[in-house]
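Structure at a glance
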Amino acid sequence: MTTVAVFGASSAIPGDAQYEQAVRLGRLLARAGMVVANGGYGGTMEAVSAGARQEGGEVVGVLAPSVFPGRSGPNGHLTSSVSASSIGERIQMLVNMADAAVTLPGSIGTLAEFLVAWNTAFVAGFSAARPIPLITVGQEWRMLADTLADRFGADTSYITFADTVEEAAEALRLAMPGADGTSR
């Protein structure tokens, strides 16, 4: 099965636009037969998990209880979870288990996840490994990537930029032959 890591804001709450777009993405991924992986707590993580579970999908949470002792625990939509001992390990575990990654709007934690996924895709070429597809949702990611390309020479060819979660799901379908039972 194809596993898609989803990164996004932990501050999203039910009813706001970020939360609802993550619910829609979770539904779309589960309908396509993809497993959702995320940080396992609230906000976007809870929303994408809820959407996937509404469609009968599998959801893996990568938790970091020692990093987030004040969080009330994993969201109730996970079908399985694993624990990491640090934020770096948590992010790397998510990236390593993913066949693709989708980055939704977020803050500094989302930025860290996105950058690790992007760098991992970039260095995959040094070992002849296939880089995972990276899809971002929202213009802020395009602006950030363009700035990093202009100032630091970052290669944006590893990223597919989408304006909506529906566009992101379609980009995943095209990038992951056979993920939804079809082939390119």
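Heads up: the structure comes first, above all this text.
Residues numbered from 1 in each chain as written. Predicted model: local features only at pLDDT ≥ 70, side-chain atom pairs only at ≥ 80, totals over all residues. Heavy atoms only, no water.

Brief notes about the overall build of the chain
Summing up its helical and strand segments, the chain has 6 helices and 7 strands in all. Going residue by residue from the N terminus, the α and β elements of the chain occur as β-α-β-α-β-β-α-β-α-β-α-β-α. Along the first, second and third principal axes, the C-alpha set of the chain runs to 40 × 35 × 30 Å. Burial analysis of the chain (184 residues in total) assigns 46% to the buried set. Contacts spanning at least 24 positions in sequence make up 68% of the contacts within the chain whose residues lie at least 6 apart. Of the accessible surface of the chain, which amounts to about 8400 Å², a share of 54% is contributed by carbon and sulfur atoms. Once the 11 positive and 17 negative side-chain charges of the chain are each reduced to a mean point, those two points are 2 Å apart. (Helix = DSSP H or I, 4+ residues; strand = E, 2+ residues; numbered from the N terminus. Buried < 20%, exposed > 50% of the residue type's maximum accessible area, 1.4 Å probe, protein only. Contact = heavy atoms within 4.5 Å. Areas by Shrake-Rupley, 256 points an atom, 1.4 Å probe, with all protein chains shown as cover. Lys, Arg positive; Asp, Glu negative; His and termini not counted. Charge placed at Lys NZ, Arg CZ, Asp CG, Glu CD.)

Some details on the packing of helix α1 (residues 17-31) against helix α2 (residues 44-54)
One can describe the packing of α1 onto α2 by two numbers: an axis separation of 6 Å at closest approach and a directional angle of 40°. Judged on the interaxial angle alone, α2 and α1 are oblique. Once α1 is placed against α2, the crossing between them reads as right-handed. In this structure, α1 uses Tyr19, Ala22, Val23, Leu25, Gly26, Arg27 and Ala30 to contact α2, whose residues at the interface are Thr44, Glu46, Ala47, Val48, Gly51, Ala52 and Gln54. Of the residues that constitute the contact of α1 with α2, the class distribution is 8 nonpolar, 4 polar and 2 charged. (Axes fitted to C-alpha atoms, helices over the stretch in contact; angles between N-to-C directions. Parallel < 35°, antiparallel > 145°, perpendicular 65-115°, else oblique. Left-handed = near helix turned anticlockwise from the far one by under 90°. Nonpolar A, V, L, I, M, F, W, Y, C, P; charged D, E, K, R; others polar.)

Considering the sheet that holds strand β3 (residues 59-63)
Here 7 strands make up an open sheet; going across it, the order is β4-β3-β2-β1-β5-β6-β7 and the pairing parallel. Strand pairing shows two members of the sheet lacking a second neighbour, β4 (80-83) and β7 (159-162), which therefore form its edges. The mean angle between the axes of side-by-side strands here comes to 20°, regardless of whether they run parallel or antiparallel. Along the sheet, α2 makes contact with β1 (3-7), β2 (35-38) and β3, crossing β2 at roughly 165°. (Pairing = 2+ DSSP bridges.)

Focus on the layout of surface pockets
Computed from the structure, the largest pocket encloses a volume of approximately 280 Å³. If you go around the largest pocket, you meet 19 residues; those closest to its centre are Gly8, Ser10, Arg90, Gly109 and Thr110. Put simply, the parts of the chain that give the lining of the largest pocket at least two residues each are β1, α3 (87-97) and α4 (108-124). Take the lining of the largest pocket: its biggest share by element is 4 residues, from α4. Class assignment for the residues of the lining of the largest pocket results in 8 nonpolar, 8 polar and 3 charged. (1 Å grid on protein atoms, 1.4 Å probe; cavity = no way out; pocket = protein on both sides within 12 Å on 5 of 7 lines; lining within 4 Å. Points joined across faces, edges and corners; volume = space filled by probe spheres on them.)

Topic: the pairing of β7
Looking down a regular strand, the side chains alternate between one sheet face and the other. Inspection of the sheet shows strand β6 (residues 134-137) paired to β7 by 4 bridges, in the parallel sense. Bridge pairing links Thr136 to Phe161 in β7. A crossover links β6 with its parallel partner β7, the connecting element being helix α5 (residues 139-152), and its sense is right-handed. (Right-handed = clockwise from strand over helix to strand, strands pointing away.)

Overview of the packing of aromatic side chains
According to the stated counting rule, one finds 5 aromatic pairs in the structure shown. Here Tyr41 and Phe68 contribute two aromatic rings whose centre-to-centre distance is 5.6 Å and whose plane-to-plane angle is 70°, an arrangement assigned as edge-to-face. Of this pair, Tyr41 sits in the loop between β2 and α2 while Phe68 sits in the loop between β3 and β4, and the two are 27 residues apart along the sequence. Across the pair, exposure class does not vary: Tyr41 and Phe68 are buried alike. Relative to Phe126, the ring of Phe122 lies with its centre 5.4 Å away and its plane at 85°, an arrangement referred to as edge-to-face. Through a chain of ring-to-ring contacts, three or more aromatic side chains come together here, namely Phe114, Trp118 and Trp141. The ring of Phe68 is capped by Arg71, whose NZ or CZ atom sits 3.9 Å from the centre of that ring. (Phe/Tyr/Trp six-rings, centres within 6.5 Å; stacked < 30°, edge-to-face > 60°. Lys NZ or Arg CZ within 6 Å of the ring centre and 35° of its normal.)

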